[in-house]
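# Structural characterization, general
One-letter residues, chain by chain:
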Amino acid sequence: MASLTIRKLDDSLKTYLRLRSAQNKRSVEEEVRVILRALIEPVDPSEPPATAPPPAALPEPGFPQPGAAREARVTLIIGGGIAAYKSLDLIRRLKERHIHVRCVLTKAATQFVTELAASALSGDRVFTDLFDARSEFDVGHIRLARDCDLIVVAPATADLMSKMAHGAADDLASAILLAASRPILLAPAMNPMMWSNPATRRNAATLQRDGVHMIGPNAGEMAERGEAGIGRMAEAIEIADAVVAMLKPPVPRPLAGRRVLITAGPTHEPIDPVRYIANRSSGKQGFAIAAAAQAVGADVRLIAGPVELADPKGVSVTHVESARQMLEAVEAELPADVAIFAAAVADWRVAHEGGQKLKKTGKAIPPLQLTENPDILATISKLGEKRPGLVIGFAAETEHLIDNAKAKFARKGCDWIVANDVSPATGVMGGDRNTVHLLTKGADGVHVASWPIMTKDEVATALVAEIAKKLNKELTKPMGPPA
Ligand SMILES: Cc1cc2nc3c(=O)[nH]c(=O)nc-3n(C[C@H](O)[C@H](O)[C@H](O)COP(=O)(O)O)c2cc1C
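Keep in mind it's a predicted model, so treat the numbers as computed, not measured.

Before going further, it helps to examine the nonpolar core. A general tendency of soluble globular proteins is for nonpolar side chains to be buried together. Judged by nonpolar contacts, the single largest core of 67 residues is most densely connected at Val260, Ile262, Ile289, Ala293 and Val464. The element best represented in this core is helix H16 (residues 456-473), accounting for nine residues. With sequence-adjacent residues up to four places away left out, Val464 is seen in contact with Ile289, Ala292, Ala293 and Val296. Counting 55 residues, the second largest nonpolar core, distinct from the first, contains Ile77, Ala109, Ile151 and Ile239.

Tracing the sequence through the fold places Phe112 in the loop between strand S2 (99-105) and helix H4 (115-122). Given 19 C-beta atoms within 10 Å, Phe112 falls into the partly exposed group. Put simply, Phe112 and Gly81 are 31 residues apart on the chain and 7.2 Å apart in space, counted from C-alpha to C-alpha. Setting aside residues up to four positions removed in sequence, Phe112 forms contacts with Gly80, Ile82, Ala84 and Tyr85.

Between helix H12 (residues 284-295) and H16, the least distance of the axes is 8 Å, while the angle of their chain directions is 50°. In this view, H12 runs oblique relative to H16, as classed from their interaxial angle. Like other packed secondary-structure pairs, H12 and H16 cross with a definite hand, here right-handed. Here H12 contributes Lys284, Gln285, Ala288, Ile289, Ala291, Ala292 and Ala293 to the contact with H16, which in turn contributes Lys456, Asp457, Val459, Ala460, Thr461, Leu463 and Val464. Here the contact of H12 with H16 is built from residues that sort into nine nonpolar, two polar and three charged.

Okay, the confidence of the model for the chain next. Looking at the chain as a whole, the pLDDT averages 87, with 88% of positions reaching at least 70. Note on residues 43-67: pLDDT is under 50 here. Beyond four places in sequence and across chains, it has 50 contacts.

Here we take up the sheet that holds S2. Strand order across the open sheet formed by six strands is S3-S2-S1-S4-S5-S6, with parallel pairing between neighbours. The open sheet has two edge strands with one neighbour each: strand S3 (126-127) and strand S6 (213-214). Pairing geometry for strand S1 (residues 72-78) and strand S4 (residues 150-156), over four bridges, is parallel. Its bridge partner being in S4, Val74 is matched across the sheet by Leu150. Of the strands in this sheet, S1, S2, S4, strand S5 (184-188) and S6 touch helix H11 (residues 236-247), which is tilted by about 160° from S4.

Moving on, we get to the UniProt feature "binding site: CTP" (unreviewed entry) in the chain. When the UniProt feature table is mapped to this numbering, "binding site: CTP" (unreviewed entry) covers Asp347, Lys357, Pro374, Asp375, Ile376, Leu377, Phe394, Lys408 and Lys412. Here Pro374 lies in the loop between strand S16 (370-372) and helix H14 (376-381). In contact with Pro374, not counting residues within four places along its chain, are Ala323, Arg324, Leu327 and Thr379. With respect to the helices and strands, the residue Phe394 is situated in strand S17 (residues 390-397).

With their axes 9 Å apart at the nearest point, helix H3 (residues 84-96) and H11 run at an angle of 45° to one another. With respect to H11, the element H3 is oriented oblique. Both H3 and H11 take part in a crossing whose hand is right-handed. Where H3 approaches H11, its residues Lys86, Asp89, Leu90, Arg93 and Leu94 are matched on the opposing element by Ala236, Ile237, Ile239, Ala240 and Val243. For the contact of H3 with H11, the residue count by class is seven nonpolar, no polar and three charged.

With that settled, the discussion passes to the sheet that holds strand S14 (residues 338-341). The eight strands are arranged S13-S12-S9-S14-S17-S18-S20-S21 in an open sheet whose pairing can be described as mixed. What marks the edges here is a single partner per strand, and that holds for strand S13 (316-319) and strand S21 (445-450). Each adjacent strand pair in this sheet contributes to an overall mean axis angle of 20°, direction not counted. Where strand S18 (residues 416-421) and strand S20 (residues 436-442) come together, four bridges link them in antiparallel fashion. Each residue of the ladder has a partner; that of Ile417, found in S20, is Leu439.

On to unusual backbone geometry. Here the residue pair Ala154 and Pro155 is connected by a cis peptide bond, since its omega of -5° sits within 30 degrees of zero. Along the chain, the position of Pro155 falls in strand S4. Here the bond from Leu334 into Pro335 is cis, since omega is 5°, no more than 30 degrees from zero. If you trace the backbone, Pro335 turns up in the loop between helix H13 (323-333) and S14. Of note, His98 is a non-glycine position whose phi angle comes to about 60°, a positive value. Along the chain, His98 turns up in the loop between H3 and S2. Given 18 C-beta atoms within 10 Å, His98 falls into the partly exposed group.

Parameters at a glance
Residues numbered from 1 in each chain as written. Predicted model: local features only at pLDDT ≥ 70, side-chain atom pairs only at ≥ 80, totals over all residues. Core = buried A, V, L, I, M, F, W, Y, C linked by C-beta atoms within 7 Å. Buried ≥ 20, exposed ≤ 12 C-beta atoms within 10 Å, placed from the backbone. Helix = DSSP H or I, 4+ residues; strand = E, 2+ residues; numbered from the N terminus. Contact = placed C-beta atoms within 7 Å. Axes fitted to C-alpha atoms, helices over the stretch in contact; angles between N-to-C directions. Parallel < 35°, antiparallel > 145°, perpendicular 65-115°, else oblique. Left-handed = near helix turned anticlockwise from the far one by under 90°. Nonpolar A, V, L, I, M, F, W, Y, C, P; charged D, E, K, R; others polar. pLDDT = per-residue confidence, 0-100. Pairing = 2+ DSSP bridges. UniProt positions renumbered as here; feature names shortened; annotations may be inferred.

If you want it as C-alpha cells, here you go:
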C-alpha cells in the first residue's frame, strides 16, 4: 500500500489543504481522509447523476496564494531590542507562508542581530541606512514604505514607538514609517517598566488612534534575569498568523443587511409531562447554514428545536420544543428576506396531552390518538405581505427521493427545496456529511441540481452562495427593519 507524505506535496496543494482543514476545523490528515473517502463513496445508481458541481462550495483560499500573479510583500523593520533574535524566526515563518520579506534594521538592531543573518533568511538585501547612496538609488526609503502590502515592526522598541507617535524621521526605519501608505503592524517588546511608563502608554494610545495595529506585548519572563510582567514580544508564529490575517482580502459579505430566518433540529411533541414523540434530526445542517449565512453578513435568526449543539456565534437563537412553539417563534421573527426550513418538524402530535404522567393500570394500554401539527413551511410560503422573498424547504426522504421532493415542492408553495436521502444507510441523520439535490423552478418546470457528497458545512456554504446569487440578482432591495 503506497503511503502519502503531506510534507512532500507541492506548495499550492499544501496551502489549499491547510486552509481547507482550518476552515473545517480538522487536522490536515483528517481532511485528506475526508477527500479520499468522498472519492470512493459508492454511488447509488438510482439517483440522478450529479448534474452540477456545488456552486462556490468553498471560498477561495485566502491571500497569499501560491501561483498568484504576485507574492505578498512585507517590509519588516527590526528594532534594537533583545527580542530581535525572535525576528529572525519571524522571517522564516513569513517565508513559510509564501510572503516575501524585505528587512530594515535600525542601527541599534545591528547590535543584536546581523545584516547577514537577516539577508540569508529573507533571501534579499537588508537596508539599514537612510543616507546610503546605493540603497537610495536602487530602492529608496519611499519605495521601502510603499512597495509592500504591510509594514511589520518587530520588535517595536519604546524608542521606535515614541518616534512614530511624534512623527520623527531621522533614520531609515522612522522615515519609512512616516512615509508609509500601507497598514502597519507593531509587535512591541520592552521591559515591563518601559511598557507601563506613562510616556509609552501615551505613545501606544496615539498610535492606536492613528490606525496602527498592535500584537502583544505578552505577559511573561523577560530576557533580563529576574524580570517578569507585560513586555514580551508576541511569538513569531502569532505575529506571522496576524500578518496572514491582515493580508487576506476582506471576506465578502453578500448577505449584509439581509435577515435570514432558519429552523433546525427536531421537535418534541409531548405525550405527558415526561414523555414525548421525537425524531433523529441532530440540527447540524440547519446550524451550519446559520453559521455560513452569518459569516457572509446576514442577520440570522435561528429557531432551534431540542439539539445538543452550541449556538452559532453572532446568531440570534430561539430555543423551542414543539412544532407549535416553532411556528410561533418563526412568526415572531418575520419579516425576513429569506426563510430556510431545515428543521425536521413532527407531522403529528398527541391529540390529548396528559396533564399528569400516564400510569400503568394493568388494564388496557392507553391509545395515542394523533392530530396534525401546523405545517410551518406551507403556512409561511402562503403568507401574503409578510412572506419572505425566498422560502426554502427541506425534504428528508427515505425512498423515491426526487419524486417525493417534487411532490412536496408542488404542495407547499415554497421557492426551493433541498432534498436529501435520510435513510439509515446514508448516515445523514446525526452525521457530518450530506448529499443534497437543490430543486428550483425554471420556465420549463422543476430543475434538479444534484450536488456531490459534501460535509454539512460545505453544503451550507454552497447553499448560502446560491442564496446570495439569487438575492443579489433578483431581490435587489433588502427588506427594511422589522416593524
Ligand atoms: C541589552 C539591551 C537590550 C535592550 N532591549 C530593549 C528592548 O527590549 N526594548 C526596548 O524598547 N529597548 C531596548 N533597549 C534599548 C534600545 O536599544 C534603545 O532605546 C535604542 O535606542 C533603540 O533604537 P531603535 O528604536 O532605533 O531600534 C535595549 C538596550 C540594550 C543595551
